[in-house]
Amino acid sequence: MYRKKKKLDSDEQLVPSTGNSRRRFMKHAGIGLAAAGTLPLLVGCDDDLPGGGGFNDLFDTVSLGEGDVGVLNFAYALEQLEAAFYTQVLLGSYFKNAPAEEQQILRDLELHERAHRDFFKAAIGSVATPIPQLGLDFSAIDFSNRESVLSAAKTFEDLGVAAYNGAGKLLSNPDFLLVAGKIVSVEARHAAAIRSILDADVTSFAGDDIIDSNGLDRALPPAEVLAAADPFFVNPIDASGLPG
């Protein structure tokens, strides 16, 4: 597992954690957050949690499953993360005071990510039991600060594109691959939109940090994606059943 080093930014350094110390801390800190009235930063839905609900279930390990279902659950986990993030953005004071153009972009992204999340839940549910609603920790993000919010959005969108690019080859059903291809193209539009309003460099939308010398976007394997996203997932995620 991984933990964050210093504050979140688009090129944040990730370092190995020691055991489950972070999650043990979060488990106790979550109780304090609830008492302090700041629990929205720790997102989870008791009705859908493993083990029949209850706050402690937020910390149970969640298995993605095997084969195509496992890959779809992997995408579903990431879409849960993005949808919850943008929902929180829309509640924050930065968004409420943002220029109209930025508000519209963030509203559109929130709608898209919720649609992606709900699509995967329904698609997986037609053939298997989807993973539950995951516990999510956004405490490293200051939702009142423009740079903090947009830097997090840039991180999530860039990672999402690389995740779809890396996981597509693991799908055996061509219908699933077709849908994944349609979704990753939308995620790429999101990534470009965020970079266009955050970065001063007008070429950032296709920067060499994400596009290689052959004009190809990054493709990351699920294990690398989950390691990068781990600081935001309260639940440990077991991806051992995904295709090799």
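Below, the structure is looked at part by part.

Criteria and thresholds
Residues numbered from 1 in each chain as written. Predicted model: local features only at pLDDT ≥ 70, side-chain atom pairs only at ≥ 80, totals over all residues. Heavy atoms only, no water. Helix = DSSP H or I, 4+ residues; strand = E, 2+ residues; numbered from the N terminus. Buried < 20%, exposed > 50% of the residue type's maximum accessible area, 1.4 Å probe, protein only. Contact = heavy atoms within 4.5 Å. Areas by Shrake-Rupley, 256 points an atom, 1.4 Å probe, with all protein chains shown as cover. Core = buried A, V, L, I, M, F, W, Y, C linked by side-chain atoms within 4.5 Å. Expected span 1.5 Å × (residues − 1). Axes fitted to C-alpha atoms, helices over the stretch in contact; angles between N-to-C directions. Parallel < 35°, antiparallel > 145°, perpendicular 65-115°, else oblique. Left-handed = near helix turned anticlockwise from the far one by under 90°. Nonpolar A, V, L, I, M, F, W, Y, C, P; charged D, E, K, R; others polar. Salt bridge = Lys/Arg side-chain N within 4 Å of Asp/Glu carboxyl O.

What follows concerns the overall build of the protein. Looking only at helices and strands, one finds seven helices and six strands in the protein. Along the chain direction, N to C, the helices and strands of the protein fall in the order β-β-α-β-β-α-α-α-β-α-α-α-β. Expressed as a percentage of its 244 residues, the buried residues of the protein come to 46%. Long-range pairs, those at least 24 residues apart, make up 75% of the contacts in the protein between residues at least 6 apart in sequence. When the accessible surface of the protein is totalled, it reaches about 11,700 Å², and 55% of it is carbon and sulfur.

Mapped onto the secondary structure, Phe176 falls in helix α6 (residues 174-198). Look at Phe176 and you get partly exposed, because its relative accessible area is 23%. Look past the residues within four positions of Phe176 in its chain and what remains in contact with it is Asp68, Leu72 and Leu171.

Counting residues in each nonpolar core, the largest one holds 56 residues, and the members touching the most others are Phe74, Phe85, Phe138 and Phe233. Elements with a contribution of two residues or more to this core: α2 (67-91), α3 (93-97), α4 (100-125), α5 (146-167), α6 and α7 (222-229). Among the elements that take part in this core, α2 stands out by supplying 12 residues, more than any other.

Moving on, we get to α4. Its 26 residues give α4 an end-to-end C-alpha distance of 37 Å, which sits within 8% of 38 Å, the value for a rise of 1.5 Å per residue. Regarding α4, the residues found buried are Glu102, Gln103, Ile105, Leu106, Leu109, Glu110, Glu113, His116, Phe120, Ala123 and Ile124. Buried residues in α4 make contact with α2, α3, α5 and α6.

Contact geometry for α2 and α6: axes closest at 13 Å, N-to-C directions at 25°. Taken as axis vectors, α2 and α6 run roughly parallel relative to one another. Of the two elements, α2 crosses α6, and the hand of that crossing is left-handed. Counted together, Asp68, Leu72, Glu79, Glu82 and Tyr86 of α2 and Phe176, Ile183, Glu187 and Ile194 of α6 form the full contact between these two elements. Split into classes, the residues belonging to the contact of α2 with α6 amount to five nonpolar, no polar and four charged.

At a minimum axis distance of 9 Å, the contact between α5 and α6 shows a crossing angle of 150°. As the angle between them shows, α5 and α6 are arranged roughly antiparallel. Both α5 and α6 take part in a crossing whose hand is left-handed. Within the contact between the two elements, α5 uses Arg146, Leu150, Ser151, Ala153, Lys154, Glu157, Asp158, Val161, Tyr164 and Asn165 and α6 uses Ala180, Ile183, Val184, Glu187, Ala188, His190, Ala191, Ile194, Arg195, Ile197 and Leu198. Split into classes, the residues belonging to the contact of α5 with α6 amount to 12 nonpolar, three polar and six charged.

A word on the pattern of salt bridges. Following the criterion strictly, the structure yields six salt bridges and no others. For Asp118, the salt bridge identified is with Arg117, shortest N-O distance 3.0 Å. In this structure Arg117 comes out as partly exposed when scored by relative accessible area, which is 22%. A salt bridge links Asp199 to Lys154; its shortest N-O distance comes to 3.0 Å.

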